Each structure stands twice: as C-alpha cells, then as structure tokens.
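Breakdown of the fold
The residues making up each chain are set out below.
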Amino acid sequence: MDVTFCPGCGAALDGASFQQEYWVAADRHVVCWCATCGLTCTIVIGALVGTEPEH
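Everything numeric here is computed off the predicted structure, so don't read it as measured data. Residue positions are counted from 1 within each chain, in the order its sequence is given. Per-residue local features are limited, in this predicted model, to residues with pLDDT of at least 70; the limit for side-chain atom pairs, both in listing and counting, is 80 or more; totals at the level of whole chains, interfaces and linings are taken over all residues. The basis for every side-chain value is the complete set of heavy atoms in the structure, and neither hydrogens nor water enter the calculation.

Describing the pairing of strand E3 (residues 40–44)
- A simple rule labels every residue: compare its accessible area, found with a 1.4 Å probe on the protein chains alone, to the largest value its type can have, and call it buried under 20%, exposed over 50%, or partly exposed in between. Helix and strand definitions follow DSSP, with helices as H or I runs of at least four residues and strands as E runs of at least two, each counted in order from the N terminus. Most of E3 is tucked away: 4 of the 5 residues are buried.
- Strands are labelled as partners when DSSP assigns at least two bridges between them. Strand direction decides the pairing type here: strand E2 (residues 27–33) and E3, joined by 5 bridges, are antiparallel. When the bridges of E3 are listed, Val31 appears paired with Thr42.
- The antiparallel pairing of E2 with E3 creates a hairpin that spans 6 residues between the two strands, and Gly38 there sits at a positive phi of about 85 degrees.

Here it is as structure tokens:
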C-alpha cells in the first residue's frame, strides 16, 4: 500500500509533498506532509493519527 493521496484534502502527494515510511514492530507507519493543505499526519494501517501544532 503506497500513500498517493492526502487523507485530509485528497490532493495527490507529489514531489512537493513529503512522505517517510518506517516500521514499529509489525506496524507500517507513513509520515506525510501535504504541500496543498499543510496537513501533517502519520498513517498507520487502519488508523489515522493527526499531529497538529499548538495554535
């Protein structure tokens, strides 16, 4: 499963966006930053964990 679209706005995660994949035990995590909407999140199989800065 490759992450190709932003889970927040649906825009394509292209060369301007950021993706980093890593593993925690048996879980695959993908950290994404969307250049279109600015969403930063970690996608875990079956879950979405959002990380937002304090306002």
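More follows now that the structure is in view.
Some remarks on the side chain of Ser17
- For Ser17, the position within the fold is in the segment before strand E1 (18–24).
- Here Ser17 falls in the buried class, since its relative accessible area comes to 14%.
- In protein, a polar contact means a hydrogen-donor-capable atom and an acceptor-capable atom, both N or O and within 3.5 Å, with residues adjacent in sequence counting only if both atoms are side-chain atoms; elsewhere, any N or O pair within 3.5 Å suffices. There is a polar contact of 3.2 Å between the side chain of Ser17 and the backbone nitrogen of Ala35.

Considering the environment of Ala11
- Along the chain, the position of Ala11 falls in the segment before E1.
- Taking the C-alpha atoms as reference points, Ala11 and Ala35, 24 residues apart in sequence, are found 8.9 Å from one another.
- With residues near it in sequence (within four places) discarded, Ala11 still touches Thr4, Phe5, Cys6, Cys34 and Thr36. Whether two residues touch is decided by their heavy atoms; if any such pair falls within 4.5 Å, the residues are in contact.

Function cannot be read off these values alone, since they describe shape.
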